[in-house]
Amino acid sequence: MAGRRRHARRRSPPGYGYDAPITIRIGSRRSANRYHEMQATGPRDAGRFARLVDDQVRMHPDDPLMISINGHQNWLSELLGACFEDYWEGISELSRELQFAGTAQFPEKASMSGQYVPWTFITDQMNVPEVYYWSVGMEPPESDEERSMPVIEQYRMRVGVWSLGRGACRFDRGVSTTLIFTRNTPVAEHVVGEIMFPYLYANQDLSQPRGDEEGVCFIFIRLYWLLTDWQNILRALITRLDEAEINSHGQQFPVKLRTRTMHIEVDRIYELKDYLRFHSRSFKKLKKLQTDVPVSEQKDPLWDDMDDSIDDLEQFDSKLDSLKERFNNLLDLEFNIQNAEQSDDSSFLTTVATLFLPISFLASVFGITTITWPAIYYLYVALPILVLSCIFVFVYPITVRRYQKARYGLESTKITLRPRDFTMLGKELPDGVDLPGESRTSRLKNRAQRHSVGEKAAPRSRSRARSQSRLRGEKDGSYSA
C-alpha cells in the first residue's frame, strides 16, 4: 500500500501532489471580507468545508451560494460530497478538465434529463499578460530574452463554472449555487481573492431571482467583463505595430530579426482570432436562451448587454483583420526594400564590370605568349577604351533620362485642392457648382457686389438646393431616381 502511494505521488503533475492544498473560498455578500477561506489538504477537511457552507446558508438564506476552487486533487470529489449529494462527481470532473486539459467548453447543460440540471462551461479569458499582474499589484515576470514576446498561453486565464439555480446544496435545496474553478497559480489566487468576489457582489442584480438559463448568462458575462479585455489586446498590438514600423524605417535591427518578429505577430493574431470567435459563439449560443425564459425575464437588461458584447466582438474581429493586413504590408515593404537594396548592389557591380571588363579582355589578349607586341601598345589601346567605358557608364544613363523626360514627360503632376471644389460648413453645395438658370459671370458679379456692399444674401432653402441639384443632374443625364 505504501509503495502504491509513493508511485501515485511521483506521477502527479508538479504542484498537484496528493498533499498539496486546495484554496476554497465560500462567498458571502454580507461578510466583511466577502468570503470565508480555507485550505483543504485532504478528505479529512470535508467536515470543516460542510460547516462553512452550512453557516453561510443559515446566516444568509437569501444570498446565492458562490464557491471558488483553485486547484484539483483526486480527493476533491470526496470533499464536495459533504455538501452536494448528486453532482459532486460531475463537479470534480469539470475541475480536472480545467486544470489538465487545454480545450474550452461552450455553455451547455450537463444533462438533458432531470428536474434540476446544472449548466457548465470552461472559458479562456483573454487579456494582456501584464494586466493580470498589474491589477493585483504584482510585477510581471521578466523574460530571459531581451526582445521575446509573451506566448499565447500567457494571455489566457482559464475559468470553469458549474451553476445551478436550486436543488444542488443539501443544506438548502432552494439556494442558488455557483462554483468557479481556476488554476492554482499565484496570479489567479490574487485575482480571485482580491478582485473577483468584490466585483461580483458589488452588482446588486446578483441576488435577483433568475432561472438556470438566465443565471448562467449572468455569470458568464460578468466574468467576461471582469477578466477579458480585447481593447487592451488591440492596444498592445498597435503598440508593437508602431514599434515594428519605427524599427523598419530606421533599420534598427537586422532585417531577418525584424521580419521574424512580424511573422510571430501575424501568427499571434491568428491565434487570438480563434479565442475571439469562441467568445462570440458562446455569446450567440447564450443569446438564443432568451426565448426559453419566461416573458417577464426576456425584458431583463442582461440580454441587451449580451447584444452589445456580440457587436463589440465583431468590431474587435474586424480590427484584428486590419492589424494583420498592416503587419503583412509592413512585411511586403521590408522585402521590397531588401530587393531594392540588392538591385542597387547589382547595379554597382554591373558598373564596375562595365569599366574593367574591356580592360581585362585586353590584358588577356596582350598576355598571349605568341604575340610580341610592345607593352606600350596596351596603354595606347586601354586608355581610349577606358574613356569610352566611362562615357557609356556615366553619360549614357543621363542622356536616356533626359530623352525620356522630354519625350514622355516624367515629371510628377500634383493637383492642388481648391476651396471652390468643396462644400463649406453650413452650406449645401460647393461654390464652384453652376446652378441652372444662372450664368457663371452673373453669379460671380452678384457675389462681388454682395461682398462690396456688405449685404448678406438670403439663405437658400434646403429643399430648393436639392431640387436644383436634381434638375442639374437630370440635365446632365447623371441623376437616377
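Residues numbered from 1 in each chain as written. Predicted model: local features only at pLDDT ≥ 70, side-chain atom pairs only at ≥ 80, totals over all residues. Heavy atoms only, no water.

Turning our eyes to something else, we now look at the overall build of the protein. Within the protein, the secondary structure is distributed over 14 helices and seven strands. For the protein, the proportion of its 481 residues judged to be buried stands at 38%. Here the analysis covers contacts within the protein between residues at least 6 apart in sequence; of these, 70% occur between residues at least 24 apart. Of the roughly 28800 Å² of accessible surface on the protein, 53% is carried by carbon and sulfur atoms. (Helix = DSSP H or I, 4+ residues; strand = E, 2+ residues; numbered from the N terminus. Buried < 20%, exposed > 50% of the residue type's maximum accessible area, 1.4 Å probe, protein only. Contact = heavy atoms within 4.5 Å. Areas by Shrake-Rupley, 256 points an atom, 1.4 Å probe, with all protein chains shown as cover.)

By the secondary structure assignment, threonine 182 is in strand E7 (residues 177-182). In this structure the side chain of threonine 182 is engaged in a polar contact, spanning 2.6 Å, whose partner is the side chain of asparagine 70. Excluding its chain neighbours within four sequence positions, the residues that come into contact with threonine 182 are Ile69, Asn70, Gly71, Leu98, Gln99, Arg158, Val159, Ala188 and Val192. (Polar contact = N/O pair within 3.5 Å; in protein donor to acceptor, adjacent residues only side chain to side chain.)

Looking now at the sheet that holds strand E5 (residues 119-126). If you walk across this open sheet you meet the seven strands as E2-E1-E3-E7-E6-E5-E4, and the pairing is mixed. Edge positions in the sheet fall to strand E2 (35-40) and strand E4 (105-109), since each has one partner strand and no second. This sheet shows a mean twist of 20 degrees between the axes of neighbouring strands, independent of strand direction. Two elements, E5 and strand E6 (residues 156-164), share eight bridges in a ladder whose sense is antiparallel. If you follow methionine 126 over to E6, its bridge partner there is arginine 156. (Pairing = 2+ DSSP bridges. Axes fitted to C-alpha atoms, helices over the stretch in contact; angles between N-to-C directions.)

So, on to a nonpolar patch on the surface. Residues Trp373, Ile376, Tyr377, Leu379, Tyr380, Val381 and Leu383 make up a contiguous nonpolar surface patch of about 700 Å² in total accessible area. As for its position among the elements, valine 381 is in helix H12 (residues 375-408). A residue is classified by how much of its surface remains accessible, and valine 381, at 33% relative accessible area, is partly exposed. (Patch = residues over 30% accessible without salt bridge, like charges linked within 9 Å, V, L, I, M, F, W, Y side chains within 5 Å. Salt bridge = Lys/Arg side-chain N within 4 Å of Asp/Glu carboxyl O.)

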